[in-house]
Every structure is written in C-alpha cells, then in structure tokens.
Amino acid sequence: EGKKRVAVIGGGLIGCEFANDLRAEGFLVDVISPGKAPLDRLIPEQAGHALEKALANLGVTWHLGNTVKAVDKRGSGYRLTLADAAVIEADVVLSAIGLRPRTELARDTGLEVNRGIVVDRHLRTSHPDIYAQWESSVHHFASFNNQFYRKSVEYMQDVVGTQPSKWCAGCHDH
C-alpha cells in the first residue's frame, strides 16, 4: 500500500516481465542489468534493444551495463547505489538475477561445462553414467533451447507488437 517505486535487479525474461507488469499497474520502474540489452542471454542484441525501447516508451527506466554496488535501507524504502555511482530510490527492490550453478566440481572431474553442466535431454552429462540435476545444468538440445527462445520471442511480440522481422532481421536464425 502506497509503494510506487520499484527497482528490478536483472534484465532477463523475469526482470522484463516484472517491469512490464509493474508499469501496467502504474508503478515507477527502474531495471538494473549488467547486459548491453535486455534478454541478452536469450535473444540477439538488436532484438533486446527493441524491447528496451518498447519498455522505455511505457516508462521503464533502464540502467544497462551496470550492477548494484549497495542496497541501503532508507526510512520505509531503499537506496541502491550502482557501480557507476548513480543512486536509485525505491520503495521495493525485486531480484530477478537468475541462478548461477557452481560447476567447479564437475569441471574438476572432467565433465563438460559451459554456463552449467552440459547435459542431453535425459540430463546425462558428458560421462555416460553421471546425470545432473535440472538447476545445475545447461541443456544443449534443440527442444529446450527453442522453448526459451520461443518464449522470449512471444514476449517480445506482446510488448513490441510486431513480428520478429520488424525488430530483428536475424532472429529467425536462432
């Protein structure tokens, strides 16, 4: 009640959905993300910039290429200090930074590792007798990767309001 300023840490799919939904409800929204563009891990940069522009047109304020250095309690709200020394005042802070698996043990034992432990559709690792749990793995099979890509494109179409060819000439290649 009475909270109107929201800082969203993370410019991935969840952070962008938060920003879009919160703006639709009349909240003032700042999004802080280390990436050059929103959804930078899911879609080409050009498409991310189209989303950035569409959400900015709705009133979302972007702090791209930046990270949060400190979050301090201030009265009934918070003060976020960014790596570039910018300061954001917010009533609510939401973290949408995702998960980052710890892969050191897997790498040390010789398993193939990328952003997580590389698995097939059965969660089998590069060793035929070792399986990984879902949260610690990176899925290198088409149906999983395409599912996240399709979700990102559907979200982009909802927000930007046009077909991918209008905001990203090469998006169909992914």
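Structural data are supplied above this passage.
Residues numbered from 1 in each chain as written. Predicted model: local features only at pLDDT ≥ 70, side-chain atom pairs only at ≥ 80, totals over all residues. Heavy atoms only, no water.

Colleague: Explanation requested: the sheet that holds strand β5 (residues 77-82) in the structure shown.
Modeller: The strands that make up a sheet pair up through hydrogen bonds in the backbone, lying either parallel or antiparallel. Ordered in space as β4-β5-β6, the 3 strands form an open sheet in which the pairing is antiparallel. Strands with a single pairing partner mark the edges of an open sheet, and in this sheet they are β4 (68-74) and β6 (87-90). Within the sheet, the average angular offset between the axes of one strand and its neighbour, ignoring direction, is 20 degrees. Summarising the sheet, β5 and β6 pair through 4 bridges and their orientation is antiparallel. (Pairing = 2+ DSSP bridges. Helix = DSSP H or I, 4+ residues; strand = E, 2+ residues; numbered from the N terminus. Axes fitted to C-alpha atoms, helices over the stretch in contact; angles between N-to-C directions.)

Colleague: In this structure, what is going on with the pairing of strand β1 (residues 5-9)? I would like to understand it.
Modeller: Looking along a regular strand, one sees the side chains alternate between the two faces of the sheet. Among the 5 residues that make up β1, 4 are buried, leaving the element largely enclosed by the rest of the structure. Sheet topology places β1 next to strand β2 (residues 28-33); 5 bridges connect them, and they run parallel. Bridge pairing in β2 places isoleucine 9 opposite isoleucine 32. Note: β1 against strand β7 (residues 92-95), 4 bridges, orientation parallel. In the strand pairing of β7, isoleucine 9 is matched with serine 95. (Buried < 20%, exposed > 50% of the residue type's maximum accessible area, 1.4 Å probe, protein only.)

Colleague: So what exactly am I meant to see when it comes to the sheet that holds strand β3 (residues 61-64) here?
Modeller: Read across the open sheet, the 4 strands follow the order β3-β2-β1-β7; overall the sheet is parallel. What marks the edges here is a single partner per strand, and that holds for β3 and β7. Averaged over all adjacent pairs, the angle separating strand axes in this sheet is 15 degrees, with direction ignored. For β2 and β3, the ladder comprises 4 bridges, and the chain directions are parallel. Across the sheet, the residue bridging to aspartate 30 is threonine 61, located in β3. Together, β1, β2, β3 and β7 form the strand contacts of helix α1 (residues 13-24), whose direction differs from that of β2 by roughly 170 degrees. (Contact = heavy atoms within 4.5 Å.)

Colleague: Mind showing me how you'd approach the packing of aromatic side chains here?
Modeller: In the structure shown here, the tally under the stated rule is 0 aromatic pairs. It is lysine 4 that lies over the ring of phenylalanine 27; its NZ or CZ is 4.9 Å from the centre. Positioned above the aromatic ring of tyrosine 78, the side-chain terminus of lysine 73 is 4.6 Å from the ring centre. (Phe/Tyr/Trp six-rings, centres within 6.5 Å; stacked < 30°, edge-to-face > 60°. Lys NZ or Arg CZ within 6 Å of the ring centre and 35° of its normal.)

Colleague: Can you walk me through the packing of α1 against helix α2 (residues 45-58) in this structure?
Modeller: Two measures define how a pair of helices packs: the angle their axes make with one another and the distance between the axes. Where α1 meets α2, the axes come as close as 10 Å, and the angle between the chain directions of the two elements is 25 degrees. Classified by the angle their axes make, α1 and α2 are roughly parallel. With respect to the hand of their crossing, α1 and α2 are arranged in left-handed fashion. Residues Cys16, Asn20 and Arg23 of α1 form the contact with α2, whose participating residues are Leu51, Leu55 and Leu58. When the residues that make up the contact of α1 with α2 are grouped by side-chain class, the tally is 4 nonpolar, 1 polar and 1 charged. (Parallel < 35°, antiparallel > 145°, perpendicular 65-115°, else oblique. Left-handed = near helix turned anticlockwise from the far one by under 90°. Nonpolar A, V, L, I, M, F, W, Y, C, P; charged D, E, K, R; others polar.)

Colleague: Can you help me understand α2 in this one?
Modeller: Think of an α-helix as turning once every 3.6 residues; residues three or four places apart then point the same way. Spanning 14 residues, α2 covers 20 Å between terminal C-alpha atoms, matching the ideal 20 Å at 1.5 Å per step. Those residues of α2 that fall on the buried side of the exposure criterion are Ala47, Gly48, Ala50, Leu51, Glu52, Ala54 and Leu55. (Expected span 1.5 Å × (residues − 1).)

The quantities given are spatial measurements derived from coordinates; they are silent on function.
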